[in-house]
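Survey of secondary and tertiary structure
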Amino acid sequence: MDTPLPRLLARLGVELMESAITEPGFVGYAMHGDGGLLLAMRRGQSAVERDCVARDLLGYALGVPLPPLPEPYRVSDLAVL
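In this text, all values refer to a predicted model and were calculated from it rather than measured experimentally.

Now for the sheet that holds strand 1 (residues 15–18). The mixed open sheet is built from three strands, whose spatial order is 1-3-2. The open sheet has two edge strands with one neighbour each: strand 1 and strand 2 (28–33). Averaged over all neighbouring strand pairs, the angle between strand axes comes to 25 degrees, with direction disregarded. The sheet contact formed by strand 2 and strand 3 (residues 36–41) spans six bridges and is antiparallel. Along strand 3, the bridge assignment pairs Ala 30 with Leu 39.

Below is the structure:
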């Protein structure tokens, strides 16, 4: 997980896109789809925040244990019916 993020995403076949969600506190989400894993990140994030959150979401989605992000970040698991 210490590979540069663009290379890591390419290697794993993960698509990264900007999210239209603008809710306070939202930073991004990961979603499994037909074409693989999709990461949607909030617009305007700093490069450091985007990198850290993207790696955390990737680890969570792929079942890779990682240390938790500092407060106020947390990952929530939402089931889509």
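The rest of the description comes next.
With that settled, the discussion passes to the nonpolar core. Judged by nonpolar contacts, Leu 5, Leu 8, Leu 9, Val 14, Val 27, Leu 37, Leu 39, Met 41, Val 53, Ala 54, Leu 57 and Leu 58 together constitute the single largest core of 12 residues. Excluding residues within four positions of it along the chain, Val 53 makes contact with Val 27, Met 41, Leu 69 and Tyr 73.

Right, let's get into the side chain of Ser 19. As for its position among the elements, Ser 19 is in the loop between strand 1 and strand 2. Not counting residues within four places of it along the chain, the set of residues in contact with Ser 19 comprises Phe 26, Tyr 29, Ala 40, Met 41 and Arg 43.

Moving on: the packing of aromatic side chains. All told, the structure shown has one aromatic pair when counted by the stated rule. When the centroid spacing of 6.2 Å and the interplanar angle of 50 degrees are considered together, the rings of Phe 26 and Tyr 29 count as tilted. By relative accessible area, Phe 26 is classed as buried at 15%. The class for Tyr 29 is partly exposed, based on a relative accessible area of 27%.

Our focus in this paragraph is the pairing of strand 3. Here is the key point about a regular strand: its side chains alternate between the two faces of the sheet. Extensive coverage of strand 3 is indicated by the burial of five of its six residues. Inspection of the sheet shows strand 1 paired to strand 3 by four bridges, in the parallel sense. Considered in strand 3, the bridge of Glu 15 is made with Leu 38. From the end of strand 2 to the start of strand 3, which pair antiparallel, there are two residues.

Moving on: a nonpolar patch on the surface. On the surface, Leu 12, Leu 62, Val 64 and Leu 66 cluster together to form a nonpolar patch covering roughly 290 Å² of accessible area. Following the sequence through the fold, Leu 62 ends up in helix 2 (residues 47–62). Note on Leu 62: relative accessible area 41%, which makes it partly exposed.

What counts and how
- Residues numbered from 1 in each chain as written.
- Predicted model: local features only at pLDDT ≥ 70, side-chain atom pairs only at ≥ 80, totals over all residues.
- Heavy atoms only, no water.
- Pairing = 2+ DSSP bridges.
- Helix = DSSP H or I, 4+ residues; strand = E, 2+ residues; numbered from the N terminus.
- Axes fitted to C-alpha atoms, helices over the stretch in contact; angles between N-to-C directions.
- Core = buried A, V, L, I, M, F, W, Y, C linked by side-chain atoms within 4.5 Å.
- Buried < 20%, exposed > 50% of the residue type's maximum accessible area, 1.4 Å probe, protein only.
- Contact = heavy atoms within 4.5 Å.
- Phe/Tyr/Trp six-rings, centres within 6.5 Å; stacked < 30°, edge-to-face > 60°.
- Patch = residues over 30% accessible without salt bridge, like charges linked within 9 Å, V, L, I, M, F, W, Y side chains within 5 Å.
- Areas by Shrake-Rupley, 256 points an atom, 1.4 Å probe, with all protein chains shown as cover.
- Salt bridge = Lys/Arg side-chain N within 4 Å of Asp/Glu carboxyl O.

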